[in-house]
Structure formats: C-alpha cells, structure tokens
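# Summary of the model geometry
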2 protein chains.
Amino acid sequence: MRKFDRVRSRSLAATSRLCRLLGDVPGRRVLSAVFFATLLAGLSDRAFGDEGMWLFNNPPLKQFKEKYNFEPTPQWLEHLQKASVRFNSGGSGSFVSPNGLTITNHHVGLDTLQKMSSEKNNYVRDGFYAKSQKDEVKATDLELNVLMSIEDVTDRVQGAVKPEMSPDDANKARGNAIAQIEKESREKTGLRSDVVTLYQGGQYHLYRYKRYDDVRLVFAPEEQIAFYGGDPDNFEYPRYDLDIAIFRAYENGQPAKIEHYLKWNTKGPADGELTFVSGNPGRTDRQLAVSELADLRDDEVPYLLNMFYRRETYLHAWAARSFENKRRAEQQTRSVENNRKRYDGYLAGLVDPDVWRSIEDRQKKLTDTGETSAQFDKIKQAQEAIAKVLPVYNYFEIFRGPPEARYAAPRAFYSTLFQYARRVLRHGDEMTKPNGERFPEFRDSYKESLELELFSSQPIYDDFEIVKLTDSLTDMVTRFGADDSRVKQVLAGKSPVDRATELVKGTKLKDVAVRRQLYAGGASAVSAANDPMIELARMIDSPARDARKVYEAQDEIKQQAYAQIAKARFAAQGTNTYPDATFTLRLSYGTVRGYDEGGKKIPALTNTAGLYQRGAEHKNEPPFDIPKRWLDGKAKLNPNTPFNFVNDADIIGGNSGSPVVNKNNEFVGIIFDGNIQSLVLDCIFTDKQARAVSVDSAAISEALEKVYDAKPLLDELMSAK
Amino acid sequence: MRKFDRVRSRSLAATSRLCRLLGDVPGRRVLSAVFFATLLAGLSDRAFGDEGMWLFNNPPLKQFKEKYNFEPTPQWLEHLQKASVRFNSGGSGSFVSPNGLTITNHHVGLDTLQKMSSEKNNYVRDGFYAKSQKDEVKATDLELNVLMSIEDVTDRVQGAVKPEMSPDDANKARGNAIAQIEKESREKTGLRSDVVTLYQGGQYHLYRYKRYDDVRLVFAPEEQIAFYGGDPDNFEYPRYDLDIAIFRAYENGQPAKIEHYLKWNTKGPADGELTFVSGNPGRTDRQLAVSELADLRDDEVPYLLNMFYRRETYLHAWAARSFENKRRAEQQTRSVENNRKRYDGYLAGLVDPDVWRSIEDRQKKLTDTGETSAQFDKIKQAQEAIAKVLPVYNYFEIFRGPPEARYAAPRAFYSTLFQYARRVLRHGDEMTKPNGERFPEFRDSYKESLELELFSSQPIYDDFEIVKLTDSLTDMVTRFGADDSRVKQVLAGKSPVDRATELVKGTKLKDVAVRRQLYAGGASAVSAANDPMIELARMIDSPARDARKVYEAQDEIKQQAYAQIAKARFAAQGTNTYPDATFTLRLSYGTVRGYDEGGKKIPALTNTAGLYQRGAEHKNEPPFDIPKRWLDGKAKLNPNTPFNFVNDADIIGGNSGSPVVNKNNEFVGIIFDGNIQSLVLDCIFTDKQARAVSVDSAAISEALEKVYDAKPLLDELMSAK
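Residues numbered from 1 in each chain as written. Chains lettered and ligands numbered in written order. Predicted model: local features only at pLDDT ≥ 70, side-chain atom pairs only at ≥ 80, totals over all residues. Heavy atoms only, no water.

## Comments concerning the overall build of chain A
Secondary structure assignment for chain A yields 25 helices and 22 strands. The C-alpha radius of gyration computed for chain A amounts to 24 Å, which stays within 12% of the reference 27 Å derived for 721 residues, consistent with globular compactness. Oriented by its inertia axes, the alpha-carbon framework of chain A measures out at about 65 × 65 × 55 Å. Put simply, chain A shows about 23600 Å² of open surface, and 50% of that area lies on carbon and sulfur atoms. The averaged location of the 103 negative side-chain charges in chain A is 1 Å from the averaged location of its 102 positive side-chain charges. (Helix = DSSP H or I, 4+ residues; strand = E, 2+ residues; numbered from the N terminus. Rg over C-alpha atoms; globule rule 2.2 N^0.38 Å. Areas by Shrake-Rupley, 256 points an atom, 1.4 Å probe, with all protein chains shown as cover. Lys, Arg positive; Asp, Glu negative; His and termini not counted. Charge placed at Lys NZ, Arg CZ, Asp CG, Glu CD.)

## Concerning the packing of helix α14 (residues 416-430) of chain B against helix α21 (residues 541-573) of chain B
All names here are of chain B. One can describe the packing of α14 onto α21 by two numbers: an axis separation of 13 Å at closest approach and a directional angle of 70°. With respect to α21, the axis of α14 lies roughly perpendicular. Every residue of α21 that contacts α14 at R422, L425, R426, D429 and E430 is listed here: D541, A544, R545 and R548. (Axes fitted to C-alpha atoms, helices over the stretch in contact; angles between N-to-C directions. Parallel < 35°, antiparallel > 145°, perpendicular 65-115°, else oblique. Contact = heavy atoms within 4.5 Å.)

## Remarks on the relation of the copies chain A and chain B
When chain A is brought onto chain B, the operation consists of a screw motion whose angular component is 180° and whose axial shift is 0.1 Å, with 0.0 Å RMSD remaining. Classification of the inter-copy transformation places it as that of a two-fold axis. Among all C-alpha atoms of chain A, that of Y309 of chain A lies closest to the rotation axis, at 2.6 Å. A shared binding surface is used by both copies, with 98% of the interface residues of chain A retained as interface residues in chain B. (Least-squares fit on C-alpha atoms with pLDDT ≥ 70 in both.)

## Points about the environment of R283 of chain A
Residue and element names in this part refer to chain A. Its location among the elements puts R283 in the loop between β14 (274-279) and α10 (290-319). Through-space distance from the C-alpha of R283 to that of I652 is 7.5 Å; in sequence the pair is 369 residues apart. In terms of polar contacts, R283 uses its side chain to reach the side chain of D285, at 3.0 Å. (Polar contact = N/O pair within 3.5 Å; in protein donor to acceptor, adjacent residues only side chain to side chain.)

## Considerations on the interface of chain A and chain B
Counting from both sides, the interface comprises 51 residues of chain A and, opposite them, 51 residues of chain B. Regarding the contact of chain A and chain B, the summed buried area is about 4200 Å², with carbon and sulfur atoms giving 62% of it. In this structure, R297 of chain B engages D483 of chain A in a salt bridge whose closest nitrogen and oxygen atoms are separated by 3.8 Å. Across the contact surface, chain A and chain B share 4 residue pairs in polar contact (both at pLDDT 80 or more). Residue assignment for the side of chain A that touches chain B shows that the elements contributing at least two residues are α1 (33-45), α9 (230-233), α10, α11 (323-350), α16 (462-480) and α18 (496-506) of chain A. (Buried area = accessible area lost by both parts, 1.4 Å probe. Salt bridge = Lys/Arg side-chain N within 4 Å of Asp/Glu carboxyl O.)

## Considering unusual backbone geometry
Following Y237 of chain B, the chain continues into P238 of chain B via a peptide bond in cis, with omega recorded as 0°. For P238 of chain B, the location among the structural elements is in the loop between α9 (230-233) and β11 (245-251). Following P622 of chain B, the chain continues to P623 of chain B via a peptide bond in cis, the omega torsion being 0°. Backbone geometry places N69 of chain A, a non-glycine residue, at a positive phi of 50°. One can find N69 of chain A in the loop between α2 (61-68) and α3 (74-83). The phi angle at N252 of chain B is positive, at roughly 50°, despite the residue not being glycine. Secondary-structure assignment places N252 of chain B in the loop between β11 and β12 (254-255). Relative accessible area serves as the criterion here: at 81%, N252 of chain B is assigned to the exposed category. (Buried < 20%, exposed > 50% of the residue type's maximum accessible area, 1.4 Å probe, protein only.)

## Focus: the side chain of S97 of chain B
When you line up the elements, S97 of chain B lands in the loop between β3 (91-95) and β4 (101-104). Looking at S97 of chain B, its side chain comes within polar contact range of the main-chain nitrogen of L101 of chain B, at 3.3 Å.

## What about the pattern of salt bridges?
Taken as a whole and judged by the stated rule, the model has 154 salt bridges over all chains. A salt bridge links E451 of chain A to K447 of chain A; the nearest nitrogen and oxygen atoms lie 3.1 Å apart. Linking E451 of chain A with K447 of chain A, this pair stays in helix α15 (residues 447-454), spanning 4 residues, or about one helical turn. Here K447 of chain A falls in the partly exposed class, since its relative accessible area comes to 38%. Between R340 of chain B and D231 of chain B there is a salt bridge, with its nearest N and O atoms 2.9 Å apart. Here D231 of chain B lies in helix α9 and R340 of chain B lies in helix α11 (residues 323-350), a separation of 109 residues in the sequence. No difference in accessibility class separates R340 of chain B from D231 of chain B, as the two residues are buried. A cluster of three or more residues bridged by salt bridges with shared partners is formed by E397, R422, R426, E430, K433, E441, D541, R545, R548 and E552 of chain A.

## Quick word on the side chain of S185 of chain A
Counting through the fold element by element, S185 of chain A comes out in helix α7 (residues 167-189). Non-local contacts of S185 of chain A, meaning those with residues more than four positions away in its chain, are made with G190, S193, L206 and R208 of chain A.

## Comments concerning the environment of N265 of chain A
Residue and element names in this part refer to chain A. Within the element layout of this structure, N265 appears in the loop between β13 (263-264) and β14. A sequence separation of 280 residues divides N265 from R545, and the C-alpha atoms of the two residues are 51 Å apart. Filtering out sequence-adjacent residues up to four positions away, N265 remains in contact with N662, E666, F667, V668 and S697. Of the polar contacts made by the side chain of N265, one reaches the side chain of E666; its length is 3.0 Å.

## Regarding the confidence of the model for chain A
Residue and element names in this part refer to chain A. Mean pLDDT for chain A: 89, with 92% of residues reaching 70 or above. Low pLDDT, under 50, characterises residues 8-48; the predicted model gives this stretch 175 contacts beyond four residues in sequence or across chains. The ipTM for the predicted assembly is 0.84, set against a pTM of 0.87. (pLDDT = per-residue confidence, 0-100.)

## As for the environment of M148 of chain A
Residues and elements named next belong to chain A. Tracing the chain through its elements places M148 in strand β7 (residues 144-152). Along the chain, M148 and L191 lie 43 residues apart, while their C-alpha atoms are 8.7 Å from each other. When near neighbours in sequence (up to four residues on either side) are disregarded, M148 contacts Q81, K82, L191, R208, Y209 and K210.

What follows is the structure in structure tokens.
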C-alpha cells in the first residue's frame, strides 16, 4: 500500500545529478537476516537494469533502445503523460475512457470514500457501483491534476538569487520569482501552474496542470478484497488484492471529454513482458548528504515511528469499541499502519552497518575537492541549527508544501478542525501581503486547491476529533513537560481531555458556511468570530511562525549548498539522469518477472485460485476472510485468471494507482504496492528482489463482469479505442 | 485485567504513615471530560468508605465494627490469610479444597498456560479440563506462596544503619541485616523468608511463606470467554468474563493436604452485601513526594508508554502473520496491552492540573516543619542523580526485586534467552561473595525461586526471540545513537536483525541441561562455555552494574529521607493505617454495589443473558464472539445467573485472582479487574465510581457443570467444608 503520505517534515531542498550510489537499504525489522544478506550480495552485482523515475521531458530513450530496442514516438510519450492523472489525496491514476473515467487504487480513493460515507452508507466496507451516471456520487474535496506541459525555468529562478544575498533575502527572492512565474503562467493559460524543484535545486521546471475538482465515484469494491490480507500482507508478495476504485471527472456538470486515455486490455501482461509505469513517486533520498541521513536514522525516523506507534495503538483501541468507531477511524488507521511499516523497514536499513558504510563511501567520492566538502559542512551546520527549533516546528508548525499541505497536521494538534482554524486564521493574515511574500500555501497559484480543501463537505465527528486531539495534546505535554509555558497556555489550566472537548465542542468550524464566511471576511471577521479553535491557532501562531522562519532560513542554506554539489555532480557524471522523486509525474519501466526469496521461487503472477486458497489456509478469518460476494461468485470465476503481478520497475510511495501499460500504451494493470524488499528503493535501486506489485487488468475485467454485475462499466472501458 | 506486571523501574523506597491524600486521579485518555469532572467532584465529598489495603497483622477492626458491626475472630483472619495464595507470576489466588485445588484468574495463569502449550495443545485458545488427577498437567515454573506468619523486625533492620554511615555503607549494612534475618528464619523454619519494606521504610516485617512449586493445571476455559471483549472491554464495566483457572498444588508427588481453604458458595453475593478481598496488591504511589510524581508524569510513564506502544505494534503485526505466531505471542501481547491501557489512564490523571494541585497541596501540609521539607529536597536531589544513569539502568540493567525479578528484562534485551544468560553469568560471579553482599536475587533466601525459574521447561521459540530482540536492539540504537560506543560493541558490526539472529541461533541456553550445568559449574564453567548470549551479557555487565550502583546509592538516600518523613507522619496521624502496596498479602473490604456514570445507573451484577446480548450487538465478531461451547450450551443455562459483579473494595494490579469472601469466609467470587475509574487507585482511594470487578461464584459453578461437563470438579469444590 504505497500511497504517498508526506509525513516527513523536511521540505524539498538541495541538488545534484544522479550518482549511482550504494545507498541505504531499508528492510524490515522482523525479517530474518537472510534477506539482508541476500540484498547486500545483490548490491554489488546488480545490473541497474531498469532504474529510474524519469522526467517526461528527459526520458531514458537510450536505455529503451539499447536494452529493449524500443523507440517510443513523441506522440506515445505525450499520450501516456496526458492520460496520467495525479490524485492530490496522495496517489496516481489514469484516464481510461473518453468520458472521464479514471482508475486509481482503492487505498488512494480511501480518503475520499471515507469522507463520502456515513454510518448508513459505508462505501468503504461495502463498496459501491453506480448503475447509471445519475447515481455517481460526488467527492467532497478531491482534486485531480493532469500534466499538460513542462517548461524549464531554471535560469529565471536561479537568476533571482544573487551571491551577496543573505539566506533570508535569497529565500524571499526565489519565492518571489517562483510566485511570479506561476502567476504569469496561470493568468496566461488558466492552468494550475507549479514550479517544481528538481535535483535538489539543480533545476526548476514549470509544470502546468489541468485541474478537475468535480470528481464522482463510479465503482469501488468492498475494502476486504481491495486490501485483502490487511496490514499483515501489506508490502508482501504473493498477493490477491483488487485494490482499485473508479471515478469519473466532470466539467461543467457533464462527464469530462478526454482526448488522451488508455486503451483497456482485458488480458493483462505476460510473464517477461516489458511494461511502463507513469505516476507520481512521492519522495526518495538518493542524493542526501550523510549528515542528513544520519539525522534521519538517529532522530527523524525514530521520531516518526514513535508517533506512529502511539497513534496506531490508540486508533486500534478506539476503533475496536464499536463498528461505527471503526468506520470513522478506518482511513487514518490504514494510513498510520502503512507508514509505520514503511518507516520500520527504512530504519532497519539505516541501522545496518554495511549499508551505512556504502552511504559514507558514496559521499567520499564527491568530497575529493575541498569545495564540495565545504558544501557538505554547510548542510551539516544547517541541520544542527534546524535541530534546535525542530521540536517546536514539528509540534506547532510543520509545512510540507502544496499539494501535500492537506496532510500536514502539527503533532500537537492532530485534528481536522485545527487545520481549518489555522488556514482560516492565516489566510486572513497572509492575504494582506504581496503574493510572492506569502507562505506558498496562500499564494494565488494554490488558491483553488486551498478552497477545495477548506470548503470540503467531509463529515467531522466530534468524538473522533476529541480522541485524536486529546492524544496529541497529551503527547505535547510529555514532549515539553507539564510546566512548559507554551503547554500551560495551550491547555489553559485544563487536562488534555477537557481542553480537547472544550475546543471541539465549542468551535463553529464544523460548518462549511462558517468557514466560507470567515475566509471571505478576512482577518477582522476571523477575529470577531472569537472561535476557541481559531484562538488556539492564534495563541501558538507566533512561536510556530518563528520556528518556521528559522527552519526555512537554514533550509535555504542547504538548498544553495546542494545546488553547488549538484553542479559538481552534473560536471562529473553528465545530465542524462533522473532527479529524486518530488510527487510529480515520472516514467518508470520494467519487466514482469518473479524473484527468488530464501531459495524459493516467487512467481510473477498470482491467480484467482490462489485467493481462495489463501482464505482457506487462514480459516477465512480476518484479515484473510473472502468477502461474501466473492464466495458466492466463486463458481463463475476462472481460477486461472491472473490476479496480481510484479515487475521490476523503479517505484515508491505515491506511485499507487499508476497505470502499467504495454508497448502499445494499453492499460494492463495498476500499481498498488511494492514488496518488502522494495522499501530499499527510498535510497537505492535494486532489481534483485525489489518488485512493484500491480492488480492485473484481467482480474479487474472479470470481477467487474462476474462479481459486481458491472458489465456496463466494463463495456465502457472496453469501448475505449 | 489487573495482574501485577512490575514494569516500573524504581525499587521500593521511602516511608510514611497514610495520610488521606487528595492524590492523582488517573482516568483515561479517550474518556469524555464528564468522567474527570465527576471524579473530581467526588473527591471532595467522598466518604473514604472502604479505603485501605490492610496488613493482616494490623486489620481495620475499628472500621469493621463501626461501619458494619462486624467483629471477625482471630481464627477468621488466620483462616482467610492461610487460604490465600500468592501466584508469583504476578497475581493472587486461594485454596478451595482440602486437596490443593487453588483458583486464580485465567490471565494470572496465562503465563503458565502459554508455557505449557504447543502448536498442537493450545491450552490458551482451547481451554483444558483434567477429567482425572492423572490428566493434570504440570506447570513449567509456577511458584505459589502461602503467608504463614508475620514478624515485626523493624528495630533490628533500622538498628543496623548508623547515622554516621555513608549511603553505600548504610545500604550494605541494611542488606546484611535483612539477609541475616532471612537466612536465620529459613534455616529455623524451612520456610521461604522475605523481609518486606513497609511504609517506604517506616517498618520492616519478616514474612514467612510455604512454597509450592509442583503445581498442575486442572481446568481453564477457552481464552475467548476468560477475556471476553478483549482489550476494548479491559478496564470496563459491565463485563461478562469467566476469567478463572484452577490449579492443584502438589507435595511429594501427591495433592497437597490443605488445612485452610475457602468454602465454596454457589450463589455468589447479593447486591449490597459486605465482602472481603484477600490478595497481593502490587504497587501504589499514595505516599510519594511531588518530585517523584513529577518524574513519573514527565519521564517515567511516558517512557513506559513509548515502550508499550512500540511493543504492542510489533507484537500485533507479527501475531497477525499466522495462527502459530499469534499463539506464541499471546501472553506477552495481553500483558503489553494491559500495561499500555493502565499507564495511559495513569498519565491522563497525572497531567490533569486539578489533580496536580491536590498532589502539591498534600505535600505542603507535611512541609510546615523545615525538617520534613529538607527530606523532600533530599529526595528530589536523589531523583536528579538517578536521572543521569537512568537510560543505562533501564536499557542495560533494571532490577525490580524478587519475587518480581522474573519480569525484569532490560529494555535493550527483550529476550528470555538473555535473561537466562545474565542469571547464569551473575550467579557465577555473585556466589563468590558473602550472602549479605550479593545482589538480593542471588541471596540464599531466593535460591529455590531462582532455580525454579532458571530451570523452567518453558518452550523457547527462535523466531519469536529474534523478533523481540531485533526490536529491542533497534530501540537501543535509536535511544543512544548508532555511533555510541556501547551500541557498537553490542551490535558487533552487525545490523540488529543479524545480531539478534546470531545470538539466538548461537546460544546453547535453550537447553535446560546446559543451564543446569553452567549454574552448577560456576564462573569458570560459564566462561569456558563461550556462549554468544552469555558473552553479550558479560560485555555489558560492567556498565550495567555501575548504573545499578549509582541507582541504589541514591535510592538509599531516598529511603532514609522517606523514613524520616514517615516518622513525622506517624507522629501527626497515628499508626492505625495501611502502607503502600508491595505485592504482599493485604485485606480489603467493600460492598457489592453499582454506580452512576454520566447519569446512567450501572448495576452491580451482570448475568448470563447479558453475555449473549453483547455478542449479538457486536454481530458475534471478535473480540465479542461467543465461543462455540457457550453457543451450544446456551439453552441449558439460566439466563438470570449472575456473571460478574462489582464492589467498592480498595484493590489494584496484583489483586487479580483474589478471593472475594462473605462474612462467613465463603468464596463468593474472584477479582479479575477494576473499572476504568479505578485506575485512580494507584494514588488515591475513591468509592464514587471506582469498582473492583469479579467473576461470580454462581457463574463459575453453572459453567463448570453445564458448559464444561466438569461436574466432578464442581463436586470437589462443593464438598469442601
């Protein structure tokens, strides 16, 4: 389950060209040593076969040609690019019909399904199928982005920063330049326009997106088949998951007319076939300095795991009290479990001494010149300065950058209502400033996305909000101590549970109309509202902004240093390479193939018979129980239909929902996970065991027809030419 | 589920007479504010009705007489005392037949059931009933203690410490005096003899126990009815748990002949009836200094919770992978869940500002004299000195004192095999010293208990050991940093998973015969064994001992200070009171009665019909599924039979399994939990909502006959006169 939840606090920074590093090798705590031994053995003799998360404006044509004798036309690339859809809830997807049908993973759509559901209509548990267009249900706040063009604006952005500028001035100047470019582009084209930082600041590209914000649910299976095997099978293989959801994009109240969509292939790929993956990998650390990776290993990842451990524990405990609790907490529970497992694996790699030696060696190769070495020192010092404000930054501020800002909750205030309060408050304050000097999340280019999110009609449950906020306030007390002045101010003389209850019950922000009114009314209206949650946000606004200011000034220093390092890398290793992942569109490729694990051959494809067998092995007990529809439909299904498959494409969280296409640009599957060995890909590519896991288009086709009585939907998919 | 897992690291220290403090009020994070408001309101007007965990040699006769006009004879008290059984696995129990039958909770017996089980014979999941004596299964390492006599040895112990002694000398002198008293008593009587520190050092009593170490399983229900409702219902009420297990004590291969056993009452208690509880409450903090409670609040409890969160997470994740994993991890999972919930509740109380004010006020009353104030300062300074060594002490040493030492695993080495390695190593080293100068766990008085534990035939599973050790080594790395010299030494250049695998696979300590041989062979044999796990224990022995030395020297300072404070308390408030709990036998009492919760009346008794109703409400889904035997037997059962009940006796963890008796000293129920409101009892007594939860003897009687076809067992219980 590899949706991209941007949980790490560092913003994007720094630069460089790809060096083929022997990087960190995340594995998994509970794995036997065998895995690590095998993996490390693999590192030395690996082929770098199908490495890379490539830019669509710099595709690996040479590798295609040399290894596969495949020469895609510019039209082939443009078609795939424009049929690809970014789900701003944290994943990828693709258009699969001229009438706006778009397919993604169930777990990418889960956030939306959860928000659309109620105690009565539990789309997550029960699934959904709109028999006709009028039955399609509108999502509360889902935004889709389609990448229409890419323009290199490196010179203009880098040119705005003069060598003599202070870090703060440099940061402002760059921010202004970026805001200006985005604004001009948006005014000229009407498209969402984001300047994307690539190669840790080595390049800046302007991405223009067509936005869709009227998105309606067409089909979702029950979660039990979408996430078959649950947390135990997450990041494992073989698998049997129908992890899909199908939406339809609308424009002006009508199904969107789509020029570029993928042709549906009902057979899926063959074992050994070359395939392509187009999606939005979230974040990789393949170019980070040793000092940053040491911080990750010793502080940041343990910090995150500690947070996930506590959240997973109380989410489970609360969910277990009743069916309705479980339903309300479902999406957040899945997200926390997923992140916990992922960072567990990452940490296991980072604490492996062999891996660490490789990381150090990689940097040594770059520090032969005194100049590069000085840049690494600057990064280290900046990290040390950041460490001083990090507790306050993490607990009270946190900014992770659009379009992921929706996931950023300061650790002390794990509450949707707090998020609304902060947005409303800051919007009032920030809008009095010139566009370029505002926080990025309040710049004009982000306006529509902000409004979509702030005016969401998602349900807010007081009890769940109180549970989350009580825990995060308690977490804050234990982090800073009960006698800390900020803690006392935040708690206002009350216990965490009393304070959380007072805030949640007292705020008017549950009401969309109130949010709209305060947003429109600006600072004076926000102030007049005298809303307890907003006043809490105001109370900590100043320390939070202070911490962010220090954080971003130091980040600027790092960014400049990484840019210098990137130049040195480009000079030494050329520019025909790919940058670290940034949750923007990338092209990966790989072959459908199995792998060896502890001497056992893991085949590339599973089939329907395997699903039923796995259920039987586990006596049909959760999370391995076969849903009723599937038990009832068993006789109608071909046991040999391919269900899931793996290929060796280079993917990471955020690629969830990415279409897998064949050389004819036909949809043959959809990425939904990586195996446990692929957690390594955060920092290094290996194709020895690491695999991307997909749902086979054959399974989807058969299930729609025979399990879900959704023949009309399948017909619409198959009619796409 | 209130078994006593002694997870806190502080040893017993300090003194005082009971002052009726307005103490800390633990509640629960996810509770609504209503609970706290109600509870705090309750504190001011509460009656201190049936407060107290009384010593059997200082029972509350005055209160019995005044409130209930009840005057127990010395014989009544002696009978109850000697019919009470301490389960050294962490709970209480009682003799219920002249032939050694002893009843406790299922969750107290769980540790033993787990060790007796295998993949084939899963006594935990399936339950067990020995149809005849020859079918009774021997426990691997269970020790029962029956308190035979109490002697006040305060003068002798306190007299050994002279005012001019250094803390280290004072500690040694006291240790020697205690060891000498224990040794003399043991040689004279043949009984296990423990000097118990009461009133934080205000008094020392010599407890003599008859030991039983041949204990056999007679009956256990399936865990699903013993722990019906699972973690969600833990610490809740109303309840429907048959949380019992029945063992038989043997002597010389025959059922033990028991003089004092409780008469079985098949009706259970009536609503409003006076009842008595005789058991071993584990630990209370009702006399602690503010500085110690502040450390608990800001450091120790968050530290423990952080540990429980991570352990619960990975235990759940590992258990979910297969039925056999689940079985292997069952007991530890329950224990961790239980502690997490308990400390969660405790912390919620400690961070409540109203509660904190009460704690501060309580101390202010005692610090009117400069002398007492100086003692509190000494305690604070000692705590600060301890804090410096605490990370090393917690991760590498930890000693919690017999008989709880079996639960003490240093945080870095959460492994049964490591525990064996340390015992074997230290036994070799310590036995070269005079008895009084050894660590207490190696003194002669503890010899038999140590051997019982070390030579246990409990199964050791490599995979589970590796999982636990890998996690705790990873925990250690993130606590001290990968570059810490001790960490590097412990990991020996390997990743945590590799190192854990090497240690677990490489050690010979899985074999009881090897442990016996090394134990007998002493230091030279241990050294010659060259066992990797023992060598690990040796590697960290010196820093671990150093930390313990600092810890215990500072603890001595605290102990002397608390003794002074206790004197002041005795002087001001008299001596007719009870000391903080110390996992030794205490007498509590209380009335069977319900309570109000949020305006709702919670009745004192539940019944069998309620069990089936709760199952139906939860669609019979885990953990609310009714076991098959109970579904099948439903028609035979009287729906009105009382199932569980609550009374307002003053109990805490460790009281699990305590018999509840009526004025005729008849067994009418068995304590197995406290409600959520009773978590407050760690620090303060309240009877407004806090209740002890028991299984009704009527439910046990009916279940044995009609659900488990165990009429012969019921007959044996009922034949007891």
